[in-house]
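Structural characterization, general
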Amino acid sequence: MAGRVEGKVAFITGAARGQGRAHAVRLAQEGADIICVDVCKQLDGVIIPMSTPADLAETVDQVQALGRRIIAAEVDVRDYDAMKAVVDEGVARFGRLDIVVANAGLGSEGKRLDRMSEKVWRDMIDVNLTGVWLTAKAGIPHLVAGGRGGSIVITSSSGGLRAHPNIGHYIAAKHGVIGVMRTLAIELGDKSIRVNAICPTQVSTPLLLNDETFRMFRPDLENPTKEDFAPASQSMHVLPTPWVDAEDIANAALFLVSDEARFITGVALPVDAGMLLK
């Protein structure tokens, strides 16, 4: 039986690990070829460990093991020209573009907004908000030119629908991408291009499970561990889990880009274990 996105091509950002890799693998499992990028280096001023070239190579290996084609490049989503070049190359090689998953994003240290440095604020907004817009901008001409419609999925956050203290720059960016999503849904609807966002809670990826996050949630401990962090994270949810997995988010994205969601657009879909109920 054909996969749910059989014969389609997807462009995914932040694909070296975590949610981005899960999107690439899940869509490949369902028949898509993949064009993907990730920055694959530690950005100045970012204290949470970031992806590496080896991470991106592992994504390539996992997609190819499924018998699908993949183009992968080390690109910063703030660099529109570089992203456009990768997408253009992918479309030239694979013949089409049907899906865009604007997933790349930064984590950050936790500080009150009045104590946050301008660099930390700007880096977050530039990657998590402007980078989403540039991702869509690189892909939209190909979606339109194909004349078959298409689907864009943006990774927002439960923090795109509510506030949390000490990560105001992240909250601002994730609220902002909801506005980008809704605007694109209106602007592209007459081309049968659907645009939606996913709003995850805590996801068990390196962006969450790291010492900096543990310290932010458990400032009462000198060297908190994952096990110390888990009860604090669990307390944010209705369902009995401290976090969801990257595959849970990829399954939601697969639904949104598939024909099963052919009349769904402009939606911010929580995958949040009930966080927004609390």
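Cut-offs and rules
Residues numbered from 1 in each chain as written. Predicted model: local features only at pLDDT ≥ 70, side-chain atom pairs only at ≥ 80, totals over all residues. Heavy atoms only, no water. UniProt positions renumbered as here; feature names shortened; annotations may be inferred. Buried < 20%, exposed > 50% of the residue type's maximum accessible area, 1.4 Å probe, protein only. Helix = DSSP H or I, 4+ residues; strand = E, 2+ residues; numbered from the N terminus. Pairing = 2+ DSSP bridges. Right-handed = clockwise from strand over helix to strand, strands pointing away. Axes fitted to C-alpha atoms, helices over the stretch in contact; angles between N-to-C directions. Parallel < 35°, antiparallel > 145°, perpendicular 65-115°, else oblique. Left-handed = near helix turned anticlockwise from the far one by under 90°. Contact = heavy atoms within 4.5 Å. Nonpolar A, V, L, I, M, F, W, Y, C, P; charged D, E, K, R; others polar. Expected span 1.5 Å × (residues − 1). Arc of directions from axis to C-beta. Salt bridge = Lys/Arg side-chain N within 4 Å of Asp/Glu carboxyl O. Disulfide = S-S within 2.5 Å.

An unreviewed UniProt entry lists the protein chain under the name Mycofactocin-coupled SDR family oxidoreductase, with Nocardia vinacea as the source organism. UniProt, in the comment section headed Sequence similarities (unreviewed entry), describes the protein chain in these words: "Belongs to the short-chain dehydrogenases/reductases (SDR) family."

Structural notes on the pairing of strand E6 (residues 193-200)
Of all eight residues making up E6, eight are buried, and the element is well covered by its neighbours. Side-chain alternation along E6 places Ile193, Val195, Ala197 and Cys199 on one buried face and Arg194, Asn196, Ile198 and Pro200 on a second face that is also buried. One ladder, built from six bridges, connects strand E5 (residues 150-155) with E6; its direction is parallel. Residue pairing across strands places Val153 opposite Asn196, the latter belonging to E6. For the segment spanning E5, helix H5 (residues 168-188) and E6, crossover handedness is right-handed. Relative to strand E7 (residues 268-271), E6 runs parallel, the two sharing four bridges. Of the residues in E7, the one forming a bridge with Ile198 is Leu269.

Here's the deal with the packing of helix H1 (residues 18-29) against helix H8 (residues 246-257)
Close contact between H1 and H8 brings their axes to 8 Å; oriented N to C, the two are set at 50°. Between H1 and H8, the angle falls in the class oblique. The handedness of the crossing between H1 and H8 is right-handed. Between H1 and H8, the residues in contact are Gly18, Gln19, Ala22, His23, Arg26 and Leu27 and Ala246, Glu247, Ile249, Ala250, Asn251, Ala253, Leu254 and Val257, respectively. Across the contact of H1 with H8, the residue classes tally to eight nonpolar, four polar and two charged.

With respect to helix H3 (residues 80-94)
Across its 15 residues, H3 extends 21 Å between first and last C-alpha, which sits within 8% of the 21 Å expected from 1.5 Å per residue. Every buried residue of H3 is accounted for by Met83, Val86, Val87, Gly90, Val91 and Phe94. With its buried residues spanning 130° around the axis, H3 presents them on a single face. Set apart from the buried face of H3 by more than 90 degrees, the exposed residues are Asp81 and Ala92. Elements in contact with the buried residues of H3: strand E1 (9-13), strand E2 (33-38), strand E3 (70-74) and helix H4 (118-146). Just past H3, the residue Gly95 takes up positive phi, approximately 90°.

Things to note about the sheet that holds E1
Read from one edge to the other, the open sheet built from seven strands follows the order E3-E2-E1-E4-E5-E6-E7, with strand pairing classed as parallel. Of all the strands in the sheet, the pair left with one neighbour each is E3 and E7. Along the sheet, successive strands turn relative to each other by an average axial angle of 15°, direction set aside. The pairing of E1 with E2 spans five bridges and is parallel. Its bridge partner lying in E2, Ile12 is registered against Cys36. This element, H1, spans E1, E2, strand E4 (99-102), E5 and E6 of the sheet and lies at about 170° to E1. Across the sheet, H5 touches E5, E6 and E7, and the angle it forms with E6 is around 160°.

Here's the deal with the pattern of salt bridges
By the definition in use, this model includes 19 salt bridges. Measuring nitrogen to oxygen at the nearest pair gives 2.7 Å for the salt bridge that ties Arg78 to Asp76. Notably, a salt bridge pairs Asp123 with Arg78, separated by 3.7 Å at the nearest N-O pair. Here Asp123, found in helix H4, pairs with Arg78, found in the loop between E3 and H3; they are 45 residues apart in sequence, far enough to count as distant. The buried category is assigned to Asp123, whose relative accessible area is 14%. One connected set of salt bridges, linked through shared partners, spans Asp44, Asp76, Arg78, Lys119 and Asp123.

Observations concerning the state of the cysteines
In the structure shown here, the tally under the stated rule is zero disulfides. As a non-bridged cysteine, Cys40 has Cys36 as the owner of its nearest cysteine sulfur, 8.8 Å distant.

Observations regarding the packing of H4 against H5
Contact geometry for H4 and H5: axes closest at 8 Å, N-to-C directions at 20°. The orientation of H4 with respect to H5, classified from their angle, is roughly parallel. H4 and H5 meet at a crossing whose hand is right-handed. Counting all contacts with H4, which are made through Val120, Trp121, Met124, Ile125, Asn128, Leu129, Val132, Ala136 and Ile140, the residues of H5 involved are Gly168, His169, Tyr170, Ala172, Ala173, Lys174, Gly176, Val177, Val180, Leu184 and Leu188.

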